[in-house]
Amino acid sequence: MKIAVLPGDGIGPEIVAEAVKVLNVLDLPFEMESALVGGAAFDAHGHPLPDATLQLAKDADAVLFGAVGDWKYDTLDRPLRPEQAILGLRKNLGLFANFRPAICYEQLVDASSLKPELVAGLDILIIRELTGDIYFGQPRGRRTAVDGHFPGADEAFDTMRYSRPEIERIAHVAFQAARKRDKRVTSVDKANVLETFQFWKDIVTEVGKEYPDVALDHMYVDNAAMQLVKAPKKFDVIVTGNMFGDILSDAAAMLTGSIGMLPSASLNAKNQGLYEPSHGSAPDIAGKGVANPLATILSAAMMLRFSLQQAAAADRIESAVQSVLAQGLRTADIYSAGTVKVGTREMGDAVVAAITKTTKG
Ligand code: IPM
Ligand code: MG
């Protein structure tokens, strides 16, 4: 089981170190190799996704990814910005299906910004298409590093596009995922305004006919944003495009108490996957040892389940996380009165201890 470990920038290295620690106590034959990515790779090699890093990721069964980005790279030409590394990995590995589960752990009900009764028992799954949409359309107009302007330009645009096969394959992923859950899919679009999303809606409807056991409904993205904070438990599986999925998954993350709890998996057609926390590099708290490593640790569990066929080991990690939460341990982002505040490393150690305990006992 070959794992490419790409910690990246900001809090990336701290949280990935904890996930690696957790993987190492499982006593499974992993081959882990690390490489630089994002701003860290730009600083060392002049490119956010060096060929060697991309090759390592391609040759691996799975990629464990931290986060990329820092304000200090904002003036770079776009192809050199840290974010291009994750976009490049998604595109080059064909990681079109992004799973972003939003689960509210019982112990964190009070950490959510919503009323406890709205989020208690929440378990929804956002499936975001990840290699199409406006993210990979044609950009026009480019700000140059030299003067921070768009020289000679009086407009800038990005094209939004989706092809039929791109929509069909993500729709199949969503219907199949729903079959293993509550058998309901909500397809989120903006068909009232955008042709791209009328096309999306038509094709999802067509594919849905192959899944008569799954209930399909459609929702405009603005309404979906509202419903997510009004009655989030009404959703089961949400399937949507790259851009809407980016936005809605951040909103959904907060329902769970903290975006620091949310893992994600990005899969290609061969089940090769990239696993990363849903949050970003948080440069403001980098190096302080306060970041929540649980989203990354839970991403490692998803990796074991989806790409490495180690469901039992994934269960062990997930129960260990439940158990440290039950012990009352909290990083700053999920801390509330009456719980015990811990740092990044202590949280990782506690998960390791919970796993070792179940092994022994
Ligand atoms: C995410 C992030 C990325 C995205 C950025 C870092 C390119 O926000 O994974 O949600 O927009 O997809
Ligand atoms: Mg995002």
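Not measured: the values here are computed from a predicted model. The numbers attached to residues start from 1 for each chain and follow its sequence in the written order. Chains carry letters and ligands carry numbers; both start at the beginning, A for chains and 1 for ligands, and go up in the order they are written. Confidence filtering applies because this is a predicted model: local features only for residues at pLDDT of at least 70, side-chain atom pairs given and counted only at 80 or more, and all residues used for totals across whole chains, interfaces and linings. Side-chain figures throughout are based on the complete set of non-hydrogen atoms in the structure, without hydrogens or water.

1. So, the packing of aromatic side chains
Phase 1 of the analysis: In this scheme Phe, Tyr and Trp rings, the latter by its six-membered ring, pair at centre separations within 6.5 Å, and the angle between planes marks the pair as stacked below 30 degrees, edge-to-face above 60, and tilted otherwise. What the rule picks out here adds up to seven aromatic pairs.
Phase 2 of the analysis: With 6.1 Å between their ring centres and 80° between their planes, F42 and Y73 make a pair best called edge-to-face. With F42 in helix α2 (residues 39–45) and Y73 in the loop between β3 (62–67) and α4 (83–93), this pair connects stretches of sequence that are 31 residues apart.
Phase 3 of the analysis: Ring geometry for Y162 and F197: centres 6.2 Å apart, planes at 85°, overall edge-to-face. One end of the pair, Y162, is in the loop between β7 (157–158) and α6 (164–179); the other, F197, is in helix α7 (residues 195–208), and 35 residues separate them in sequence. F197 matches Y162 in its accessibility class, with the two residues each being buried.
Phase 4 of the analysis: Site record: aromatic cluster; members linked through ring pairs are Y162, F197, W200 and F244.
Phase 5 of the analysis: Taking NZ or CZ as reference, R128 lies 5.3 Å from the ring centre of Y135, over its face.
Phase 6 of the analysis: Consider the ring centre and the ring normal. A charge sits over the ring if Lys NZ or Arg CZ is within 6 Å of that centre and within 35 degrees of that normal. One residue, K341, lies across the ring of Y335, its end atom 4.9 Å from the ring centre. Under the DSSP-based scheme used, a helix requires at least four consecutive residues in state H or I and a strand at least two consecutive residues in state E, with every element numbered from the N terminus. In this scheme, a residue with accessible area under 20% of its type's maximum is buried, one over 50% is exposed, and one in between is partly exposed, where area comes from a 1.4 Å probe on protein chains only.

2. Things to note about the pattern of salt bridges
Phase 1 of the analysis: Salt bridges are counted wherever a side-chain nitrogen of Lys or Arg sits within 4 Å of a carboxyl oxygen of Asp or Glu. Considering all chains together, one arrives at 14 salt bridges under this definition.
Phase 2 of the analysis: For D349, the salt bridge is made with K21, and the minimal N-O distance between the two is 2.5 Å. Separated by 328 residues along the polypeptide, D349 in helix α12 (residues 344–360) and K21 in helix α1 (residues 12–24) bring together distant segments of the chain.
Phase 3 of the analysis: Between E276 and R90 there is a salt bridge, and its shortest N-O distance comes to 3.2 Å. Of the two residues, E276 is situated in strand β12 (residues 273–277) and R90 in helix α4; the sequence distance between them amounts to 186 residues. Each member of the pair E276 and R90 is classed as buried.
Phase 4 of the analysis: Salt bridges here are not isolated pairs; linked through shared partners, they connect E18, K21 and D349.

3. Quick look at the domain arrangement of the protein chain
Size of an interface: often given as the accessible area lost when the parts come together.
Phase 1 of the analysis: Parsing the protein chain into structural domains produces domain 1 (1–96 + 272–361) and domain 2 (98–267).
Phase 2 of the analysis: Using C-alpha coordinates to define each centre, domain 1 is positioned 22 Å away from domain 2.
Phase 3 of the analysis: Any two residues whose heavy atoms approach within 4.5 Å are treated as being in contact. Listed by partner, the interface residues are 33 residues for domain 1 and 33 residues for domain 2.
Phase 4 of the analysis: The quantity reported as buried area is the accessible area (1.4 Å probe) lost by two parts once they are put together, taken as the sum for both. When domain 1 packs against domain 2, close to 3000 Å² is buried across both sides, 60% of that on carbon and sulfur atoms.
Phase 5 of the analysis: A per-residue breakdown of the area domain 1 buries against domain 2 is headed by R90, F96 and S278, which together make up 27% of the total.
Phase 6 of the analysis: Counting across the interface, domain 1 meets domain 2 through zero salt bridges.
Phase 7 of the analysis: Distance and chemistry together define a polar contact, namely a pair of N or O atoms within 3.5 Å, with one atom able to donate a hydrogen and the other to accept it when in protein, and with adjacent residues in sequence counting only for side-chain atoms on both sides. Scanning the region where domain 1 abuts domain 2 turns up eleven residue pairs in polar contact (both at pLDDT 80 or more). Here the limits of each domain have been adopted from an automatic or database domain assignment.

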